[in-house]
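Okay, here's what each chain looks like letter by letter:
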Amino acid sequence: MIRKTLLVLLMLGLICGHAAASVTIERDVTVTDADGGTMALTTNGQANAAGSDSTTIALLTDFGGVQANRTVNGEVVRTRSRGEGELETVFSGILEIQRSEGPDGPVTLNVIEFNSLQVNRAGEGPELSGEVMFNGEALDAASLSEPQLRTLRRTLRFFRFA
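Residues numbered from 1 in each chain as written. Predicted model: local features only at pLDDT ≥ 70, side-chain atom pairs only at ≥ 80, totals over all residues. Heavy atoms only, no water.

Enquirer: What is the right way to read the sheet that holds strand β5 (residues 86–100) from this model?
Expert: Working definition: the strands of a sheet are paired by backbone hydrogen bonds and lie parallel or antiparallel to each other. Spatial strand order, β1-β2-β3-β4-β5-β6-β7-β8: eight strands in an open sheet with antiparallel pairing. The open sheet terminates on both sides in strands that have one partner only, identified here as β1 (22–32) and β8 (137–140). When strand polarity is set aside, the average angle formed by the axes of neighbouring strands in this sheet is 10°. Bridge analysis of β5 against strand β6 (residues 107–122) gives 13 bridges, and the strand direction is antiparallel. Among the inter-strand pairings, S100 is bridged to a residue of β6, identified as V107. Along the sheet, helix α2 (residues 146–156) makes contact with β5, β6, β7 (125–134) and β8, crossing β6 at roughly 95°. (Pairing = 2+ DSSP bridges. Helix = DSSP H or I, 4+ residues; strand = E, 2+ residues; numbered from the N terminus. Axes fitted to C-alpha atoms, helices over the stretch in contact; angles between N-to-C directions. Contact = heavy atoms within 4.5 Å.)

What follows is the structure, encoded as structure tokens:
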């Protein structure tokens, strides 16, 4: 009887131990463009059977990527939480995007700031909340037009490297 009880307790301990097990994720990615601009992404997080949580810090320094006549400077922090069929992502930070029309052309500077921009993916599709500042103009994320959403997606696509 004692042997059976110990065996049952051991099995329960193994099952509970697996349910609480998690892994730690640490990743550093640096992308350098042809002109020496850099984008450094640092990710830290945890994942387990119930879901995952991670934080990625993106630091861009004179980064142009593959686009000519454009550089991006700034820092954006992305936090993600996944569980129960839901993914919540929050962006905070600021990007300065400088674009020129060639070596002697005019230079434009656009500043985009993310104030707790939240993207919640569950059920019928993504829902946005929070605020996006574009050159000092506050825009409610929930009421962005389709062209503005497209621009936002293009702006934040560098997180695919994370």
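Enquirer: What am I meant to see in the nonpolar core here?
Expert: Burial of nonpolar side chains together is a common tendency in soluble globular proteins. L60, F91, F114, L117, F158 and F159 are the most contacted members of the largest nonpolar core, which has 24 residues in total. Secondary-structure elements contributing two or more residues to this core are β2 (38–48), β3 (51–63), β4 (70–83), β5, β6 and α2. With four residues, the single largest contributor to this core is β6. Leave out the neighbours within four places in its chain, and F91 touches V76, V77, R78, F114, N115, S116, L117, V119, L156 and F159. (Core = buried A, V, L, I, M, F, W, Y, C linked by side-chain atoms within 4.5 Å. Buried < 20%, exposed > 50% of the residue type's maximum accessible area, 1.4 Å probe, protein only.)

Enquirer: Which parts of the structure should I look at to understand the environment of N48?
Expert: Examined against the element boundaries, N48 turns out to sit in strand β2. Between the alpha carbons of N48 and V23 there is a distance of 6.5 Å; along the sequence they are 25 residues apart. Apart from residues no more than four positions distant in its own chain, N48 is found in contact with A21 and S22.

Enquirer: I would appreciate a short explanation of the pairing of β5 in the present structure.
Expert: On a regular strand, one side chain projects to one face of the sheet and the next to the other, so that they alternate. Bridge analysis of β4 against β5 gives 14 bridges, and the strand direction is antiparallel. Considered in β5, the bridge of G74 is made with L95. Linking β4 back to β5 in an antiparallel pair, the connection comprises two residues, with E84 at a positive phi of about 50°. Here β5 hands over to β6 after six residues, with G102 in that stretch at a positive phi of 120°.

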